[in-house]
Amino acid sequence: MKLSFSSSVARNRPVASFRRRVADALTDRYLQISLSRAANILNHARSASYADVPASEALRSQARSIREHTLARLADYLEQLEIQARGQGIHVYWAEEAADANRYIVELARKHGVFSVARGGESILRELDLDRVLREAALEIHPTTVGDFMLTLTNRPPGHLVFSSLQVRKEEISQSFPSKLDIPATLDIGSMTSTAAARIRANLIQADMAISGLTFAVAETGSLILAENQGNERLLSNLPRLHVLVMGLERVVPTLEDLLLLLQAQARSGRGQPFAAYTTLLNRVERPVQSATPDRSEVEETPREIHLVLLDNGRSRMLQQASGAVLTCIQCGACLNACPVYREIGGEAYGWTYMGPIGAVLAPLSLGIERAASLPGASTGCGACRQVCPVDLDLPSLLHDLRVRASQERRVSVRLRLARRLWRWSVQDNNRYQQATRILRWVLRPWARQGLVQSRLPLLRRWTATQPLPAPARQSFREWWKQR
Amino acid sequence: MYWTKNPPRVVALFATCLVDAFCPEVGRAAVVVLERHGVTVEFPLAQTCCGRPAYDAGFLRDVRRQARHHARVFAPYEYIVCLSSACAALVRQDYPALLPDDEQVLSLARRTFEFSQFLTEVLELIGVGGAAANPVAYHDACHQMRTLGLTAGPRRLLAQIPDVNLVELDSREDCCGFGGPFTLEYPGVAANIGGRKARSIERSGAATVVTCDAGCLLHLRSALSQRQSDCTVRHLAEVLAADS
């Protein structure tokens, strides 16, 4: 099977070792605390921001129908977008795979003699594994968000789709200050953030190329949208003469009116804001950038160049499948905050660009089920992700469909296969069922104290180590019924 | 004291595996409550597992087989009362989707009711009685709340208990961490989620936590015992059956 997402991402952090990373996350006490705090804050912010929306359910179904309609006519809207964008002097490049997008970006950089690149914080750029590609091309990379700046300092992958560095301790960041920034270590978060913000600005002003992930693009007007909270993407849309904007095919929006609704849905659900702090609509190529020539004798004019990279990377193939609805997702991050599993294990455990319930669906669909078969099983089936989704995406069903696929392709853990065998044998008829109940009781009862099995039985230690198991009752219900 | 609007009926009890093997007291309590309201309870001994764990793990062929078996076993009964919301949700919602042409299965889905649902929607009970150590918190099982949409009924049944003091959990919409095969695959994560729920229960000051799902009941019991909590976990049937 062809791997459409950049395979090196998976090679660096194989999804197969998910179980091990889960175990690591569970022993990281700090991670547990920061995840539950963040989830609490974000969930409250989300519900508070919808409290003043009179018809939030109507908003949700409207957002859903916009997204479904868009996907149903995706080719038409993309064509319209391309015509509109080209008409405004924006270069449009269709990238079938991550590698195509990366090649295009690196060639552009070479052609323009680029030395340093400002790189936005959107997940799609991580999907490209862009940092590695830029490093290999000997380009200097500067992150544009405080979160990504902290990740670069500590050399860690993102822990959340929206709040990329929420899992990193301030102590860890602070330790890197003297060596990486030549600044004394401090634990004052305010001063750490303002240092980061100042450094980011200073770097961005120097950058000769900007690469951003687009939030949306409007087919009707050809507007390219950057929604963010730190203002640096807006700065980038004015500063360097070369700006590359990468967008997943699915993020096209038919009209400006639809855009307003989706921006709102994304900001309210993911961050509890009515809108992002900075929403930039890029429309036509701006006037030429003016700069003084080295001897200051005259003013040089260089035309700005905007390149829109439309990335497929498996998306159109995904759309052909029953699970294509997953592309209605607008990556707000609300399902992460609502997911009881994400809240325990964090984003790094998923080992890939996308995490939480949405990541557990996207990974097997994009990387191939053989590389991420265990992810859809990391769900209690509680349904909280669907409840908070601003486009009413049925993530629980998508997760379940993938578990079905994993079981059909025999990509199921040994313990689950064994459990299935025993279960199948015992539920065939009443006699076997009763025998199985008796065996279970015979095995577990001797270890029970007050109805719970808490022993260090060699085979059961895995389950009793964290929490006692319930002990079978002395007399089953049906035994009682028969004697009644 | 007890008043039923509708005449009593015969019901078949769908006890579920967890109730049968791990908490039979729930089944006995359900029999007490139902019989108290003039309902004749029958327990078809041929019932085994509805297939819930196989469904969660993605083994649909196994679930279809269990669904047909289940539909045959309960075919003679007009009403089926299920003691665990996850199993009731499977029969009512997922069976029809898996076997859309099987009349027996479709009819089974219409005739199966979750315990609290049967009391409030079929028997339309108002006064039931019961007793529980105060304060009492109700835990919404995910399938009860999101799939079956039953949040008000169980609370109404608790509120009619004489002298009851109901409190709400600050984690009202959060899962307890029991996920069938998930618990088998990721026991550590399940235990952590359970621990979080147990802390929320402790914060509420509840002496009794009531739920309608046997999986939640057993998982919460483990989680609370791990924290040496004095709070007891009960199925709704148990508190309704208790004498005040």
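Since this is a predicted model, take the numbers as computed values, not measurements.

### Some remarks on the confidence of the model for chain A
Residue and element names in this part refer to chain A. Averaged over all residues, the pLDDT of chain A equals 89, while 92% of them reach at least 70. Mean pLDDT across the secondary structure elements of chain A bottoms out at helix α1 (residues 7–12), with 41, and peaks at strand β8 (residues 252–253), with 98. Under a pLDDT of 50 for its full length, residues 1–15 has, in the predicted model, 53 contacts with residues more than four places off or in other chains.

### Let's talk about the interface of chain B and chain A
Taken together, the 62 residues of chain B in the interface contact 60 residues of chain A. Roughly 5,300 Å² of surface becomes buried between chain B and chain A when both sides are summed, with 59% attributable to carbon and sulfur atoms. Along the contact surface separating chain B from chain A lie seven salt bridges. Here Arg478(A) makes a salt bridge to Asp20(B), at a shortest N to O gap of 3.1 Å. Here chain B and chain A share 29 residue pairs in polar contact (both at pLDDT 80 or more) between them. With seven residues, the top contributor of residues to the side of chain B that touches chain A is helix α11 (residues 187–204) of chain B. Residues that form the side of chain B that touches chain A fall into these classes: 32 nonpolar, 17 polar and 13 charged.

### Quick word on the packing of aromatic side chains
Here the structure, examined in full by the defined rule, presents 14 aromatic pairs over all chains. Cluster of aromatic residues (ring-pair linked, three or more members): Phe18(A), Tyr350(A), Phe182(B) and Tyr186(B). Taking NZ or CZ as reference, Arg19(A) lies 5.2 Å from the ring centre of Tyr186(B), over its face.

### Some remarks on the packing of helix α2 (residues 24–36) of chain B against helix α7 (residues 115–122) of chain B
Residues and elements named next belong to chain B. Viewed as axis vectors pointing N to C, α2 and α7 meet at an angle of 10 degrees, and their least axial separation amounts to 12 Å. Viewed along their axes, α2 and α7 adopt a mutual orientation that is roughly parallel. On α7, the residues that touch Ala30, Val33 and Leu34 of α2 are Phe115, Phe118 and Leu119. When grouped by side-chain class, the residues that make up the contact of α2 with α7 number six nonpolar, no polar and no charged.

### Points about the pairing of strand β12 (residues 305–311) of chain A
Put simply, side chains in a regular strand alternate between the two faces of the sheet. Residue and element names in this part refer to chain A. In terms of burial, β12 is a largely internal element, seven of the seven residues being buried. Neither face of β12 is exposed, since Glu305, His307, Val309 and Leu311 on one face and Ile306, Leu308 and Leu310 on the opposite face are all buried. In this sheet, β12 lies alongside strand β1 (residues 91–95) in parallel orientation, the contact comprising five bridges. Across the sheet, the residue bridging to Trp94 is Leu310, located in β12. Relative to β12, strand β7 (residues 242–248) runs parallel, the two being bridged by seven bridges. The residue bridging His243 from the neighbouring strand is Ile306, located in β12.

### Some details on the pattern of salt bridges
Pairing between side chains becomes possible if they bear opposite charge and their charged atoms approach one another. Residues and elements named next belong to chain A. Following the criterion strictly, the structure yields 42 salt bridges over all chains and no others. Two residues, Arg119 and Asp148, come together in a salt bridge whose shortest N-O distance is 2.9 Å. In this pair, Arg119 sits in strand β2 (residues 116–119) while Asp148 sits in helix α9 (residues 146–154), placing the two residues 29 residues apart along the sequence. Asp148 matches Arg119 in its accessibility class, with the two residues each being buried. Where salt bridges share partners, they join Glu57, Arg60, Arg64, Glu68, Arg386, Asp392 and Asp394 into one cluster.

### Comments concerning the sheet that holds strand β9 (residues 278–282) of chain A
All names here are of chain A. In spatial order, the strands read β8-β5-β6-β9; together these four strands make up an open sheet with mixed pairing. At either end of the open sheet lies a strand with only one pairing partner, and these are β8 and β9. Each of β5 (216–218), β6 (224–228), β8 and β9 touches helix α13 (residues 256–271); the most contacted strand, β5, lies at about 165 degrees to it.

Rules used in this analysis
- Residues numbered from 1 in each chain as written.
- Chains lettered and ligands numbered in written order.
- Predicted model: local features only at pLDDT ≥ 70, side-chain atom pairs only at ≥ 80, totals over all residues.
- Heavy atoms only, no water.
- pLDDT = per-residue confidence, 0-100.
- Helix = DSSP H or I, 4+ residues; strand = E, 2+ residues; numbered from the N terminus.
- Contact = heavy atoms within 4.5 Å.
- Buried area = accessible area lost by both parts, 1.4 Å probe.
- Salt bridge = Lys/Arg side-chain N within 4 Å of Asp/Glu carboxyl O.
- Polar contact = N/O pair within 3.5 Å; in protein donor to acceptor, adjacent residues only side chain to side chain.
- Nonpolar A, V, L, I, M, F, W, Y, C, P; charged D, E, K, R; others polar.
- Phe/Tyr/Trp six-rings, centres within 6.5 Å; stacked < 30°, edge-to-face > 60°.
- Lys NZ or Arg CZ within 6 Å of the ring centre and 35° of its normal.
- Axes fitted to C-alpha atoms, helices over the stretch in contact; angles between N-to-C directions.
- Parallel < 35°, antiparallel > 145°, perpendicular 65-115°, else oblique.
- Buried < 20%, exposed > 50% of the residue type's maximum accessible area, 1.4 Å probe, protein only.
- Pairing = 2+ DSSP bridges.

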